[in-house]
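What follows is the residue order along each chain.
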Amino acid sequence: MRLLLSLLLIFSLPAHAEGFITRLLNKPVPGGVAVIALGEAPQAPRVRYQDTPALVIKEDGQRWIAIVGIPLSVNAGTQQIDANGRPLSFQVEPRHYREQRITLKNQEQVSPSPANLKRIERELAEQRDAYRHFSPRQPSNLLFDRPVDGPLSSPFGLRRFFNDQERNPHSGLDFAAPAGTPIKAPAAGQVILTGDYFFNGKTVFIDHGQGLISMFCHLSNISVEVGDELARGDVLGKVGSTGRSTGPHLHWNVSLNDARIDPSIFIGAFTP
Ligand SMILES: [Zn+2]
């Protein structure tokens, strides 16, 4: 009986071990990533999550996997993707995010005037469109390089209070680095948007392919233009403190299927 049980256990395990990309990226928490096995097929299955196309790649030259960004607003529990019209479920585990309290001398950056609110709305619409870009290219690498040399400062997902007023949670990862430090593309991609925004300051968006988008904020200088093709490691600008920022640092957002997710996952620095 015991032998039978252990045999059953062996045969119920997946036939193949998880690949490197799955082990690196599968952090199914709010603000994380779910890697979902899709099996073998001659053509890449078409996957949608929350009615948005998702990233699909072939792992280890064998089976297809969907790499799905989970928005911070999703609660722990069962979620579903659509793969070629077929529903597939995955589980989202809970994750706790800490609070952060920031004091800003410039009250306008906490409660902007009607004129600035108009500007902010316009800028948000432009940036939302960039996040919805979906190009068919395959990302050059899913283990990203760090965009700057420097220690991580504020983590992703902090619940933020500016002068005691709650605002949107921290949508990216901060690196402490002196003004002027060059910022390098963590993977190849095309520049799809640049701007000088009220909150984000001088900003660059890079499309790495299939809905995987990076945004770099608060730059002192932008050295690329919309349409430029960047190789992995190409310099796109310099660290600064433009926009709503308390000092020179790089703020880096990573988005998948229009969900802002924890960039630390992509550099192998995720801590649960
Ligand atoms: Zn930040």
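Residues numbered from 1 in each chain as written. Predicted model: local features only at pLDDT ≥ 70, side-chain atom pairs only at ≥ 80, totals over all residues. Heavy atoms only, no water.

Chemist: Report on the environment of T194, specifying residues and quantitative values.
Modeler: Assignment of secondary structure puts T194 in strand 13 (residues 189-197). In sequence terms T194 and Q91 are 103 residues apart; their C-alpha atoms lie 36 Å from each other. (Helix = DSSP H or I, 4+ residues; strand = E, 2+ residues; numbered from the N terminus.)

Chemist: Tell me about the coordination of the zinc ion, and please be specific about residues and values.
Modeler: On the protein side, the zinc ion has H170 (NE2), D174 (OD) and H251 (ND1) as donor atoms, found 2.0 to 2.1 Å from it. Taken in sequence order, the residues that donate to the zinc ion follow the motif H-x3-D-x76-H. In this pair, D174 sits in strand 11 (residues 173-176) while H251 sits in strand 19 (residues 249-256), placing the two residues 77 residues apart along the sequence. The buried category is assigned to D174, whose relative accessible area is 8%. By relative accessible area, H251 is classed as buried at 7%. (Donors = N, O, S within 2.8 Å, 3.2 Å for Na, K, Ca; no water. Buried < 20%, exposed > 50% of the residue type's maximum accessible area, 1.4 Å probe, protein only.)

Chemist: I'd like to hear about the sheet that holds strand 8 (residues 99-102), residue by residue, with values.
Modeler: Reading across the sheet, the 3 strands line up as 8-9-10 and stay open at both edges, with mixed pairing between neighbours. At either end of the open sheet lies a strand with only one pairing partner, and these are strand 8 and strand 10 (165-166). Where strand 8 and strand 9 (residues 159-162) come together, 4 bridges link them in parallel fashion. Following the sheet pairing, I102 is matched in strand 9 by F162. (Pairing = 2+ DSSP bridges.)

Chemist: Please provide a residue-by-residue account of the nonpolar core, values included.
Modeler: Ranked by size, the top nonpolar core spans 41 residues in total, and within it L25, V33, I67, L142, L236, L250 and F266 carry the most contacts. Take this core: its biggest share by element is 4 residues, from strand 19. With residues up to four places along the chain from it excluded, the contact list for I67 reads I21, L25, V33, A34, V35, L55, I57, L142, L256 and N257. Of all hydrophobic cores here, the second largest spans 16 residues; its members include V47, V56, V68 and A83. (Core = buried A, V, L, I, M, F, W, Y, C linked by side-chain atoms within 4.5 Å. Contact = heavy atoms within 4.5 Å.)

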